[in-house]
Each structure stands twice: as C-alpha cells, then as structure tokens.
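# Examination of the molecular architecture
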Amino acid sequence: MSHPTVAPGTNFIRNIIEEDLASGKHKTVVTRFPPEPNGYLHIGHAKSICLNFGLANYYQGRCHLRFDDTNPVKEEQEYIDAIKADVSWLGFDWGAHEYHASDYFEALYGYAETLVEKGLAYVCDLSPEEMRAYRGTLTTPGKESPYRKRSSKESLDLLRRMRAGEFADGSRVLRARIDMTSPNLNLRDPILYRILRATHPRTGNAWCIYPMYDFAHGQSDSLERITHSLCTLEFQDHRPLYDWLCEALEIYHPQQIEFARLNLTYTVMSKRRLLELVNEKHVSGWDDPRMPTLSGMRRRGFPPAAIRTFCERIGVGKSDSVIDMSVLEDCVREHLDQTAPRAMGVLRPLKVTITNYPEGQTEEFTAARHPKDPAMGNRTIPFSREIYIDQDDFMEEPPKQFFRLGPGREVRLRYGYVIRCDDVIKDPVSGEVIELRCSYDAATGGGALPEGRKKVKGIIHWLSVAHALPVEVRLYDRLFSVANPAGVKDRDYRELLNAEALEALAQAFVEPGLAGASSGESFQFERLGYFCVDTKDSKPDRLVFNRSVTLRDAWTKPETKGNQP
RNA sequence: AGGGGCGUCGCCAAGCGGUAAGGCACUGGAUUUUGAUUCCAGCAUUCACAGGUUCGAUCCCUGUCGCCCCUGCCA
C-alpha cells in the first residue's frame, strides 16, 4: 500500500498485535485513521497517521482513511480535501480504502431500529436542560427519564418520524437504555441520534438526524472489519460504551486501544485554538509556517520523512507527555543535512571593500554543492572587490572567544581568500557601522594556506555585491514564547505568542546560482540554517525563502537560544 | 472510598521476576575551508513513596502520594 517507512519501534500496541497474531485472534491487521473534517491536520495527527499506517504496513495489513463526518455544522469539503493532501504528502497511501462515516448513515440508522426493537434504545423527549439535570453528577447517580419506559413500538414510530423530519431540531433524541446510575457517565443512557437540520458536505439534506460519535465510530470500525481501533486517551471512558454497542448489536467487535496524544513545547495542538489563530489573523492561515499543522510544516520546508522519523522517535505510550521541540528540529536537520544543497546567503548585509583587489576584476571560486555528496556536483561563486558579509560576523569590540571579523582581525572568506579588516567606516550621524575596508592575501585563494602562514580560525560566508541575487528571507521561530502556552494559568494563550516568530528580511541576498530555484526547494545557507523557496509568495524574479530551522550553534550562548523552560 | 488512566535520567522511552536499551538535551574531546556534519567519551547503584511476597522485584501484592481525563443533543 504505502511505501515502507521507518520500522516501528516496540510499544504496547505492537505487543498487543503480536499476541493477537500469535494466538490466532487475527490473521491480518486492519487499522484506520479517522479524522473529523473540521480543521487541518497537525503534527499530533501525524503521530496517529504514522502509527496506524505504520502498523498496517509493518504487518502487511491495511489502513483505511475514514472521515468521521457526523456533525455537519462543523465539517467542510475544504477540510476533507486538505486532509487527503496532507496524508498523501506525509507519504501514506490508503489505496481504495477511503471511507466516510456518512457512507454508513443508512446502515447506522438500521442499527438504531434494531436497538429499539430489542428494547435497548428509546426515544426521549427531555429538553437539553432536563437531560442535564437527569444525568446526575460525577459523584451522584442520574435519574431515569420518564420516557425510558416507552414501548419499543412507540419509540420505533417516533424514531421513524424523527427521520422523516416531523420534529423540530433538538426536540427529541434516541438514547441507549443502559444504566442511569453508572459511575461512568457515558453509560447513563447516552444519546445515539439527534435531530439536526444542517447541510452535510456529502449527504446534503438527505438527513435531518445524525448519529453521535459513539454510535458512528465503533459501528464504522465494525463495518470495515477494523481489528485494532486506535484512539487517544480521552476516549478510554467511552470504551465500555463502544463494547456495549457492539455486543448489543451483535456485530463484529473491533478492539479499541488508547494511546497518549502528542504535545509539543512552544506550540498548541488543539484544533479550537489553531482555528482561533487562523480566524483572528494571528497567523496568515492554516499553512502559516509557524503553525504546527502539516500544511504549515510543509511550507516551512520540513521534509515528510523528517516528520515520519519524529513520530517514530517519540514512541507511543499511555502517559501524558510533552515532547521537546528540539526533537522535531533534530529530525528536520538530520534529513535536510543529507539532502539540501549548500549555498551562501547574506541576511543582514554589511558591505566590505577589498581595497587591494583590482577594481573591475572578477574571478570565480568552485565549491561543492554538498560536502559529503559529490554526486550533487559543484557550483561557482563569483568574487570581486566589493562583497557583502553578514552583520553578525563583525564585532567592533569582540570578546576573545569570537573568531570572526573585528578591527585588525583576519578571517577566511568561505571558499575564498583570507582578508584583514583595516578600517571601520561609520555613519557620521548614527554611528552605525556601514562599511568595512579590508585587504586580502592573494596567496590564500580557494582555501590555500601558504607555508608558514598562521591558520585562520574564523570562516565566514559572503557574496559579491555585483553578483548577489536580492531576495526576501523570512526567519521563522517558535510560535510561542513559553514552553507550555496552554498550561499557563491566568494568561490567555494568545498573549503568549512569540512576537519574533516571524521576521521578514527584504534586503537579503543569495548566490546568483539560486536564481532558478524551484518552488519548495530546500537549501542550506552555510552557517545559517536550512531555507526553502516559499510555495506561495515566491516569484521567479523575486524569490522568497523561508527558514525551516537554524543550524546547531555552539557559539550562541544557550540563554539566547530561546530555550527557557 | 464517584469512575477511568498514568507515574523509569531535564524531555520522551524500552523493560513483562534475574540484577536499568535507545533518542533528544547537556558536558568534555578528535576531525573539519560551515563555531555545521561526523566521530569518540560522560550523563539513573536506581525505576513516585512505604510496606509485603521471593534466594532475588522497575517488573507480583497491599497501602499512600502526585498528575491527567470524564457532568456537549462535539469528536
């Protein structure tokens, strides 16, 4: 089905599957990824996708993509399309197995009549407020609805008329007859069907009653012969109901297994909050590169393979956990380091004049596209009298540990000459350093080091002013300024957004060789990080690069790296 | 005594009665024309705590403590 991914590590779910296969309970593994199309997929969904598809692949079974579309007021076709695109991009193929809970509406309704006929469900006329009052509380039992004693015959008639549209929205519901005194609230005669007049993305106005999650999910699993139904921890309390319904209906009974959802530092994972960030324009959209959505990460330049590696690396368990963002960043670097061609880019240009280099002269240096992959070939980099270096690579009063450029200091231009800073030119008004006047050592070209010459420790990137390609670079960082924005008491998470998560640099430059870079293509800007051509705003004559992630940096002090707890 | 879960290194996570894998982070050091990569080395005498069973317990039993989830006609 899908191309092989990372071999799954051992975890409690695999152990269960191994036992089921060994005991003969199952001969094959059938899983499913069941998104509700009410938002875009995020990295938390990726964990579930990789788990479900990964398990199916590993055991040579199959994994279905099933939309849990039972609430038409929140669901949209746009989300269905986006979800499919994201799952494909992540590298998984559901083949012919695309399903929708709405495909089963007729079958589900049939199950409802069956339950009524068996005396296991009834139509209840309590109002929502009354229903709440009758439900009891966490510590006190509920009360039975007066409609609970309704005959099967009457309930069946009412159910059919509910479907026929004879009653107003919210006026009646179908309930399972279980136990109003159960300590598990989900078993206090849960609602199975509600009356709701809303246009469904797929069934249009064919229905005015819709099944609840509990009466759709497990039944869909059963119809599809899912062997292992994996869901997140908050559904643990629903499992007794899942089981009760399969038993009551006497249908194929899949096994529900719960695992902990993913939490990542410096971001939020709830669809509600992500939707708010989009609607309130805190970000440019679901695919804003700062978002933890798959579409955001795609635009940010994260390779799908890196996300798969990440999902494998974090493991699967049942304890609430928060994964450090550095784990994801490491996965991204790991993949990009191997695949991204190198190039030089100057983010905040500082002009340098090589005073002893002939005016009008140009020469070209040759450099490998990748230090470890000769197959990627070479590139040529033009050099001339005036170059740009990054402002960060010069300090007027450098500390001893700083081995880049400073007054009177020497530094090596990557792939080029060793230069010495002779003069620092400042703006007479602002005092800002606006130009450096340096001299070069002609004997050091292309990395050469003449006999007896002291080795230069610092190496910096640069670009010839006359040849540099002007581009826009967008520096992205973590969305929030605190590790757990959703967990900060008395502060709305929106107040904790990292104002520096996006910095657009309109005056940046890159090697002329990048002129033809294609949309989405990734490069490593040497010494800076990985950058990709933005898929939305970049134009052939005005490239826009997004920073995917910085390089590891042993120089920048830890406290300035944004790693506070 | 509402119910359901969870508690192994800063963050994840293996482990399933025989004496604590691995990853991230961090700290040293080597290589390096990216302060990158790579490479070596270090990093839990201890598994929430207290008892018990056992020759032996992170793994079994009992109790305690801590954290998470559950009172939508959401999923």
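A brief look at the structure comes next. Only a predicted model underlies this, so the values are computations on that prediction, with no experimental measurement involved.

## Remarks on the sheet that holds strand β11 (residues 345-346)
- Taken in spatial order, the 7 strands make up an open sheet running β10-β23-β24-β25-β21-β22-β11, and their pairing is mixed. Two strands lie at the open edges of the sheet, namely β10 (342-343) and β11, each paired on one side alone.
- The pairing of strand β24 (residues 529-533) with strand β25 (residues 544-550) spans 5 bridges and is classified as antiparallel. From the neighbouring strand, Gly529 faces β25, where its bridge partner is Thr550.
- Its contacts with the sheet place helix α12 (residues 325-339) against β10, β23 (522-525), β24 and β25, and it is angled at close to 115° to β25.

## Some words on the pattern of salt bridges
- With the rule as written, the count across this model stands at 51 salt bridges.
- With a closest N to O distance of 3.2 Å, Arg161 and Asp157 form a salt bridge. Highlighted residues: Arg161 and Asp157, both in helix α6 (residues 152-163), separated by 4 residues, approximately one helical turn.
- Judged by its relative accessible area of 29%, Arg161 is partly exposed.
- Overlapping salt bridges, with partners in common, bring together Asp287, Arg299, Glu472, Arg474, Asp534, Lys536 and Asp537 in one network.

## Examining the packing of aromatic side chains
- Here the structure, examined in full by the defined rule, presents 25 aromatic pairs.
- Taken together, a centroid distance of 5.1 Å and an interplanar angle of 15° make the contact between Tyr40 and Trp286 stacked. Of this pair, Tyr40 sits in the loop between β1 (30-33) and α2 (43-58) while Trp286 sits in the loop between α9 (271-279) and α10 (294-300), and the two are 246 residues apart along the sequence.
- Residue Tyr40 is classed as buried on the basis of its relative accessible area of 14%.
- Following the ring pairs from residue to residue traces out a cluster consisting of Tyr357, Phe365, Phe383, Tyr417, Tyr440 and Trp462.

## Regarding the protein's contact with RNA strand B
- Near RNA strand B you find 67 residues, and of these Phe403, Arg414, Gly446, Gly447 and Arg552 are the closest.
- Backbone atoms, meaning sugar and phosphate, make up 64% of the atoms of RNA strand B lying within 4 Å of the protein.
- Separating a base nitrogen of RNA strand B from a backbone N or O atom of Pro183 is a distance of 3.3 Å.
- With respect to RNA strand B, the side chain of Arg194 contributes an N or O atom lying 3.0 Å from a phosphate oxygen.
- Among the elements of the structure, α5 (128-135), β6 (191-195) and α12 are those that each provide at least two residues to the surface near RNA strand B.

## Some points on the sheet that holds strand β3 (residues 98-100)
- In spatial order, the strands read β1-β2-β3; together these 3 strands make up an open sheet with parallel pairing. Looking along the sheet, the strands with just one partner apiece sit at the ends: β1 and β3. Taken over all neighbouring pairs, the strand axes of this sheet differ in orientation by 35° on average, direction set aside.
- Pairing analysis gives 4 bridges linking β1 to strand β2 (residues 62-67), with the strands arranged parallel.

## Brief notes about helix α3 (residues 77-90)
- Here α3 contains 14 residues, and its C-alpha end-to-end distance of 20 Å stays within 8% of the 20 Å for a straight helix at 1.5 Å per residue.
- For α3, the set of buried residues is Tyr79, Ile80, Ala82, Ile83, Asp86, Val87, Trp89 and Leu90.
- In this structure, the buried side of α3 is in contact with β1, α2, β2, β3, α10 and α11 (304-313).
- Two residues or fewer after α3 comes Gly91, characterised by a positive phi angle close to 110°.

Cut-off values and rules
Numbers given for residues are sequential positions, taken from 1 along each chain in its written order. Just so you know, chain letters begin at A and ligand numbers begin at 1, following the order they were written in. Local features in a predicted model are, by the rule used here, given only for residues with pLDDT of at least 70; side-chain atom pairs are given and counted only at 80 or more, and totals for whole chains, interfaces and linings are based on all residues. Excluding hydrogens and water, the side-chain figures rest on all heavy atoms present in the structure. Think of it this way: DSSP has to see at least two bridges between two strands before they count as a pair. Counting from the N terminus, the helices are DSSP H or I runs at least four residues long and the strands are E runs at least two residues long. Only heavy atoms enter the contact rule, under which two residues are in contact if any of them lie within 4.5 Å. Every axis corresponds to a line fitted to the C-alpha atoms, with the helix fit spanning only the stretch in contact, and the corresponding angles, defined between N-to-C directions, vary from 0 to 180 degrees. Here a salt bridge means any side-chain nitrogen of Lys or Arg lying within 4 Å of a carboxyl oxygen belonging to Asp or Glu. Only protein chains enter the calculation, and the probe is 1.4 Å; a residue is then buried if its accessible area is under 20% of its type maximum, exposed if over 50%, and partly exposed in between. Only centres within 6.5 Å qualify two rings of Phe, Tyr or Trp (six-membered ring in Trp) as a pair; their planes then separate them into stacked at under 30 degrees, edge-to-face at over 60, and tilted for everything else. Throughout, near means a residue has at least one heavy atom within 4 Å of the molecule or strand. Definition of a polar contact: a pair of N or O atoms within 3.5 Å, with one able to donate and the other able to accept a hydrogen when the atoms are protein atoms, and with sequence-neighbouring residues admitted only if both atoms are side-chain atoms. Expected helix span is computed as 1.5 Å times (number of residues minus one).

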